[in-house]
Amino acid sequence: GALVYQYPRRTICKSGTSMRMECQAVGFQATSVAWYRQSPQKTFELIALSTVNSAIKYEQNFTQEKFPISHPNLSFSSMTVLNAYLEDRGLYLCGAGTLYEQYFGPGTRLTVL
Amino acid sequence: QQKVQQSPESLIVPEGGMASLNCTSSDRNVDYFWWYRQHSGKSPKMLMSIFSNGEKEEGRFTVHLNKASLHTSLHIRDSQPSDSALYLCAASDYNQGKLIFGQGTKLSIKP
């Protein structure tokens, strides 16, 4: 079956530092990977949608300079949170699949001190 | 303004009862609706999807879609305590190929 792994599951970083998270699709070929953030008291915010062979599209309020994403092949994607601050804390979810169906990983929970 | 609106914000249903959740999109480009369930501390799991007018049933779960009004609803019959969770509705934008989530309905099933 289709599985999506995310690493790490939890991470703590100091304010102003950066951290990288990874997403691995297993058992299927993901043509798109979407990164979401679920902040406390908020619903899922789409950060960016990455489609193989197309440019990564960032949503309003999210930039490549802050959240650089790498999607080198159909099964792997990584995103870095640069200069993390308190407002960046939350659960970062990777949704991998096709344009119409996304399977979610367990998420990377980011705590910023 | 939120493009996908869900109601109610929270819902309490007695065990064995029927839970009805609503979702409407204000974006006329959407053509797919998804329902996800997220238990506390977990990532969302897909329940059902629908893209045709009408009704779709899977076990205790039934989804309705009215494409003209871009309104979908999820009904859970014979609700169980394990159904207590945050229910998220998402709409797919055909042109942009991304999921837009609503803010969710927090469902609590009381034994």
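Structure's up top.
Predicted model only: the values in this text are computed from it and were never measured.

## A closer look at the nonpolar core
All names here are of chain B. Of all hydrophobic cores here, the largest spans 25 residues; its most connected members are F33, W35, L74, Y87 and L107. Secondary-structure elements contributing two or more residues to this core are β2 (10-14), β3 (19-25), β4 (30-38), β5 (45-50), β7 (61-66), β8 (71-76), β9 (85-93) and β11 (105-110). The element that contributes the greatest number of residues to this core is β9, accounting for 4 residues.

## As for the pattern of salt bridges
On inspection of all chains with the given rule, the structure shows 8 salt bridges over all chains. The shortest N-O distance in the salt bridge between R37(A) and E45(A) comes to 3.7 Å. With relative accessibility at 21%, the residue E45(A) sits in the partly exposed group. Across the pair K3(B) and D27(B) runs a salt bridge whose closest N-O atoms are separated by 3.8 Å. Of this pair, K3(B) sits in the segment before β1 (4-7) while D27(B) sits in the loop between β3 and β4; the two residues are 24 residues apart in sequence, bridging distant segments of the chain. The buried category is assigned to D27(B), whose relative accessible area is 11%. Here the salt bridges do not stand alone but share partners, grouping R37(A), E45(A), K66(A) and D88(A) into one network.

## Focus on the sheet that holds strand β6 (residues 54-58) of chain B
Residue and element names in this part refer to chain B. Read across the open sheet, the 5 strands follow the order β1-β3-β8-β7-β6; overall the sheet is antiparallel. The sheet is open, and its two edges are formed by β1 and β6, each paired on a single side. Here the average twist between neighbouring strands, direction ignored, is 15°. Examined bridge by bridge, β3 and β8 share 6 bridges and lie antiparallel to one another. Following the sheet pairing, T24 is matched in β8 by H71.

Criteria and cut-off values
- Residue indices begin from 1 for each chain and proceed along its sequence in written order.
- Following the order in which they are written, the chains are lettered starting with A and the ligands numbered starting with 1.
- It should be noted that, the model being predicted, local features are given only for residues of pLDDT at least 70 and side-chain atom pairs only at 80 or more, the latter also being counted only at that level, while totals for whole chains, interfaces and linings use all residues.
- The basis for every side-chain value is the complete set of heavy atoms in the structure, and neither hydrogens nor water enter the calculation.
- Residue types Ala, Val, Leu, Ile, Met, Phe, Trp, Tyr and Cys, when buried and joined through side-chain atoms within 4.5 Å, form a set referred to as a nonpolar core.
- The cut-offs for exposure are 20% and 50% of the maximum accessible area for each residue type, with area from a 1.4 Å probe on protein chains only; residues under the lower value are buried, those over the upper are exposed, and the others partly exposed.
- Secondary structure elements are taken from DSSP: a helix is a run of H or I of four residues or more, a strand is a run of E of two residues or more, and numbering for both begins at the N terminus.
- Here, a salt bridge means any side-chain nitrogen of Lys or Arg that lies within 4 Å of a carboxyl oxygen of Asp or Glu.
- Two strands are counted as paired when DSSP detects at least two bridges linking them.
- Throughout, an axis means a line fitted to C-alpha atoms (over the contacting stretch in the case of helices), and angles, computed between N-to-C directions, take values from 0 to 180 degrees.

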